[in-house]
Amino acid sequence: MIQLPDRIKRLDELAYDLWWSWNTDARQVFRKLDYPLWRLTAHNPVRMLQLIPREKLEAKTADRDWLATYDRVLARLESARSAQHTWCARECGDLTGKTIGYFSAEFALHQSLPIYAGGLGVLAGDHCKEASDLGVPLIGVGFMYPQGYFHQGLSPEGWQQELYEKLNWTETAIEPAITPEGKPAITAVPLGNRTVLAAVWLVRLGRVRLYLLDTDLEENAPWDRELSARLYGGDRETRIQQEIILGIGGVRVLKAIGHDPAVYHLNEGHAAFVVLQRIRDLCEVGWSFDDALEQVRRTTVFTTHTPVAAGHDAFPFHLVESHLAGAWGDLGGYRERFLALGHHDSGGGALFNMTALAMRTSAAINGVSQLHGEVTRQMWQSIWPDRAIGQLP
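Remember, it's a predicted structure, so these values are computed and weren't measured experimentally.

Each value, and the rule that gives it
- Residues numbered from 1 in each chain as written.
- Predicted model: local features only at pLDDT ≥ 70, side-chain atom pairs only at ≥ 80, totals over all residues.
- Heavy atoms only, no water.
- Helix = DSSP H or I, 4+ residues; strand = E, 2+ residues; numbered from the N terminus.
- Rg over C-alpha atoms; globule rule 2.2 N^0.38 Å.
- Buried < 20%, exposed > 50% of the residue type's maximum accessible area, 1.4 Å probe, protein only.
- Contact = heavy atoms within 4.5 Å.
- Pairing = 2+ DSSP bridges.
- 1 Å grid on protein atoms, 1.4 Å probe; cavity = no way out; pocket = protein on both sides within 12 Å on 5 of 7 lines; lining within 4 Å.
- Points joined across faces, edges and corners; volume = space filled by probe spheres on them.
- Nonpolar A, V, L, I, M, F, W, Y, C, P; charged D, E, K, R; others polar.
- Phe/Tyr/Trp six-rings, centres within 6.5 Å; stacked < 30°, edge-to-face > 60°.
- Expected span 1.5 Å × (residues − 1).
- Arc of directions from axis to C-beta.
- Salt bridge = Lys/Arg side-chain N within 4 Å of Asp/Glu carboxyl O.
- Axes fitted to C-alpha atoms, helices over the stretch in contact; angles between N-to-C directions.
- Parallel < 35°, antiparallel > 145°, perpendicular 65-115°, else oblique.
- Left-handed = near helix turned anticlockwise from the far one by under 90°.

1. A look at the overall build of the protein chain
- Secondary structure assignment for the protein chain yields 16 helices and 14 strands.
- The C-alpha radius of gyration of the protein chain comes to 22 Å, within 12% of the 21 Å expected for a compact globule of 393 residues.
- For the C-alpha atoms alone, the extent of the protein chain along its principal axes is close to 70 × 60 × 45 Å.
- Expressed as a percentage of the 393 residues in the protein chain, the buried residues total 51%.
- Sequence-distant contacts, at least 24 apart, represent 68% of the contacts inside the protein chain between residues at least 6 apart.

Here it is in structure tokens:
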């Protein structure tokens, strides 16, 4: 990173907070700093500050108009982070001192952080940005995919080719997450008969913080290092392992960093193993399974997205039992009852369905549009066989 002149030494702080990406005047700070470089780096200010000539920065310290914008934007960033006088402060006083854990397999925040594939990630990213603007105390949890989602190419014969490009992390607005003790955040996740370590990266989004899990550590076996390599990569076995790390590992990460969310929001069924770790934590401090399940249900919100059965992750029970072998703790005696929460037969035989698990363990469930809600009620009516469609969530 280039040494910044004292007058504009907080430029790197702004660059490393993606709050700038949805605020026009913040983007103008970098756009007017060096417009050709802004274009060359695909609007990535972290990369810009690595390439910009020192003399260009010195010249900007004499540009009154640009400095006025710079000062105004930094003041707005501080206001966004403090979340004072916001909508949430006025309307949601019961959230004071509390947080909301928001879990999603993907987050679309900016093209310089390509850890998203489509609509699910766009919605998750927009939720984070809007939560920052409204002052909602949201904390995101997801994956740091070094290879992201694939770029699409075509072969000479016209077939799709998946092209993966490894992310250069030094050019992205991420930093290692730190525990309250000042140490790098690393959590251990039980997976089958072994333990997988996950490092944690922090993305700043104004008021909101997003924590991303990463299994590419030297301490892990080569095949475990690949678990977080790609979004939606691999077969069913890879997917279930990723979802165990996201759900169980994500809850452990928040605890290690010092967060105890009042509410957990699951954005699609990929994160539903959150409820397993939460039930286990309560049982290990003396709660009964039934009381723990009810407490988790009262404090969990679920958003479902996909209006076709094939879009909902479902796994053979033997695969689930194999990869959850080390995750039960004091819940071992309730294993069958937990597995029953994910039981669903969509016509091809009973499987452990992540959406069914999330629906049975959430107090509130929503779709992404009115029409989607109507379709989803028809798809999942079997979860509530004694209720009419109009009485479903």
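2. Some thoughts on the sheet that holds strand S13 (residues 350-353)
- Strands sit in the order S11-S13-S12 across an open sheet of three strands; the sheet is antiparallel. This sheet does not close on itself; its edge strands, each paired only once, are strand S11 (314-315) and strand S12 (343-345).
- Two elements, S11 and S13, share two bridges in a ladder whose sense is antiparallel. Looking at the pairing, Ala314 lines up with Asn353 of S13.

3. With respect to empty space enclosed by the protein
- Per the counting criterion, the structure on display carries one cavity of 30 Å³ or more.
- Looking at the largest cavity, its volume works out to about 60 Å³.
- It is helix H10 (residues 236-257) that contributes the most residues to the lining of the largest cavity, four residues altogether.
- Residue classes in the lining of the largest cavity are distributed as six nonpolar, two polar and two charged.

4. A short note on the packing of aromatic side chains
- What the rule picks out here adds up to twelve aromatic pairs.
- Geometrically, the ring pair formed by Phe289 and Tyr334 is stacked, given 4.8 Å between the ring centres and 10 degrees between the ring planes. Here Phe289, found in helix H12 (residues 289-298), pairs with Tyr334, found in the loop between helix H13 (317-323) and helix H14 (335-341); they are 45 residues apart in sequence, far enough to count as distant.
- Through successive ring pairs, a cluster of aromatic residues spans Phe273, Phe317, Trp328, Phe338 and Phe352.

5. Observations concerning the pairing of strand S8 (residues 208-214)
- The element S8 is extensively covered by neighbouring structure, given that six of its seven residues are classed as buried.
- As defined by bridge partners, strand S2 (residues 138-143) adjoins S8 across five bridges and the pair is classed as parallel. In the sheet register, Ile139 faces S8, and the bridge partner there is Arg209.
- Bridge count for strand S7 (residues 194-205) against S8 is seven bridges, and the pairing is antiparallel. Residue Leu202 lies in a different strand from S8, and its bridge partner there is Tyr211.
- Counted along the chain from S7 to the antiparallel partner S8, the turn is two residues long, and its residue Gly206 has a positive phi close to 65 degrees.

6. Here's the deal with helix H8 (residues 119-134)
- With 16 residues, H8 should reach 22 Å at 1.5 Å per residue; the first-to-last C-alpha distance of 22 Å fits that figure.
- Within H8, the full set of buried residues consists of Leu120, Gly121, Ala124, Gly125, Cys128, Lys129, Ala131 and Ser132. Projected onto a plane normal to the axis of H8, the buried residues spread over an arc of 165 degrees and lie on a single side.
- Of the surrounding elements, those touching the buried residues of H8 are strand S1 (100-104), S2, S7, S8 and strand S9 (263-267).

7. Topic: the layout of surface pockets
- Reported here for the second largest pocket is a volume of approximately 360 Å³.
- Looking at the lining of the second largest pocket, the elements with two or more residues in it are H10 and helix H11 (274-283).
- Each residue belonging to the lining of the second largest pocket can be placed in one class, and the counts come to seven nonpolar, three polar and four charged.

8. Here we look at the pattern of salt bridges
- Overall, the coordinates contain 20 salt bridges when judged by the stated rule.
- Between Arg204 and Glu175 there is a salt bridge, and its shortest N-O distance comes to 3.0 Å. Note that Arg204 is positioned in strand S7 and Glu175 in strand S5 (residues 175-176), a separation of 29 residues in sequence.
- Classification of Glu175 by relative accessible area gives partly exposed; the value is 22%.
- A single network of salt bridges, built from pairs that share partners, joins Arg10, Glu13, Asp17, Glu78 and Arg81.

9. A word on the packing of H10 against H11
- Their axes nearest at 6 Å, the elements H10 and H11 cross at an angle of 50 degrees. Between H10 and H11, the angle falls in the class oblique. Handedness of the H10/H11 crossing: right-handed. From H10, Gly247, Ile248, Val251 and Arg252 reach across to H11, where they touch Val274, Leu276, Gln277, Arg278, Arg280 and Asp281.
- Considered class by class, the residues forming the contact of H10 with H11 number four nonpolar, two polar and four charged.

10. Overview of the environment of Asp291
- Take Asp291: it is sitting in helix H12.
- Classification of Asp291 as partly exposed rests on a relative accessible area of 47%.
- Measuring from C-alpha to C-alpha, the distance between Asp291 and Ala340 comes to 17 Å, with 49 residues separating the pair along the chain.

11. Points about the pairing of S9
- Counting buried residues in S9 gives four out of five residues, a clear majority hidden from the surface.
- Sheet topology note: the S1/S9 ladder contains five bridges and is parallel. Along S9, the bridge assignment pairs Phe103 with Leu266.
- Judged from the four bridges that link them, S9 and strand S10 (residues 300-303) form a sheet pairing that is parallel. From the neighbouring strand, Leu266 faces S10, where its bridge partner is Phe302.

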